[in-house]
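# Commentary on secondary and tertiary structure
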Amino acid sequence: LDFKGGIHGAAHALAAVTPLRLLCDHHSDLATECPNIKENAKRPSRLLIYERHKGGLGVSAMGSALMPQLLLLAHKTISSCPCACPHRMGCPQCVQSSCCPEYNEVMDKEAALMILEKMIEITR
């Protein structure tokens, strides 16, 4: 499993399900930190979703309060997706995003599920 790819996929899934609970658009209002396949930076791995608008719209604050629900929705979205793509890359219905600046290069659907499961466990 590719841990960095799992964080990437989990972030895309969380951003994609956020508009199901909050008034926002995951393409124009939210962005995720996407790992670059050539990046060698020595920093801790993190799952980062942020607001694209300067000063924000309040989506982050509201999303924090709903994080347990969003984690469950993201997990359900990925686990119920029937895609069987090679190399655990997932598909646009589960972990890929059409607005990914790194073209969904570093991606691991199975690792994304494991990461979301642990996050759900921690938030209970």
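Here is what the cut-offs are and how they apply
Residues numbered from 1 in each chain as written. Predicted model: local features only at pLDDT ≥ 70, side-chain atom pairs only at ≥ 80, totals over all residues. Heavy atoms only, no water. Helix = DSSP H or I, 4+ residues; strand = E, 2+ residues; numbered from the N terminus. Buried < 20%, exposed > 50% of the residue type's maximum accessible area, 1.4 Å probe, protein only. Salt bridge = Lys/Arg side-chain N within 4 Å of Asp/Glu carboxyl O. Expected span 1.5 Å × (residues − 1). Polar contact = N/O pair within 3.5 Å; in protein donor to acceptor, adjacent residues only side chain to side chain. Contact = heavy atoms within 4.5 Å. Core = buried A, V, L, I, M, F, W, Y, C linked by side-chain atoms within 4.5 Å.

So, about unusual backbone geometry. Positioned with a positive phi, Tyr 103 is a non-glycine residue whose angle comes to about 55°. For Tyr 103, the position within the fold is in the loop between helix H3 (67-79) and helix H4 (109-123). In this structure Tyr 103 comes out as exposed when scored by relative accessible area, which is 66%. Here the phi dihedral of Asn 104 falls at roughly 55°; this positive angle occurs in a residue that is not glycine. Taking relative accessible area as the criterion, Asn 104 reaches 9% and is therefore assigned buried.

Under the criterion given, the structure shown has two salt bridges. The shortest N-O distance in the salt bridge between Glu 33 and Arg 46 comes to 2.5 Å. Of this pair, Glu 33 sits in the loop between strand E1 (30-32) and strand E2 (49-51) while Arg 46 sits in the loop between E1 and E2, placing them 13 residues apart in sequence. With a relative accessible area of 43%, Arg 46 lands in the partly exposed category.

In a regular helix each residue adds 1.5 Å, so 15 residues correspond to 21 Å; H4 covers 21 Å between its end C-alpha atoms and thus fits that length. Lys 109, Ala 111, Ala 112, Leu 113, Ile 115, Leu 116 and Ile 120 are the residues of H4 that are buried. For H4, the N-terminal capping position is held by Asp 108, with its side-chain oxygen 3.1 Å away from the main-chain nitrogen of Glu 110.

Right, let's talk about the environment of Gln 96 for a bit. If you trace the backbone, Gln 96 turns up in the loop between H3 and H4. The spatial distance from the C-alpha of Gln 96 to the C-alpha of His 12 is 6.4 Å, given a sequence separation of 84 residues. Setting aside chain neighbours within four positions, we find Gln 96 in contact with His 12, Met 89, Gly 90, Cys 91, Asn 104 and Met 107. A polar side-chain atom of Gln 96 sits 3.1 Å from the main-chain carbonyl oxygen of Met 89.

This part takes up the nonpolar core. Core analysis: the biggest nonpolar cluster contains 20 residues, and Leu 14, Ala 74, Ile 78, Cys 94, Val 95 and Leu 116 have the highest contact counts within it. Breaking this core down by element, the ones donating at least two residues are helix H1 (3-17), H3 and H4.

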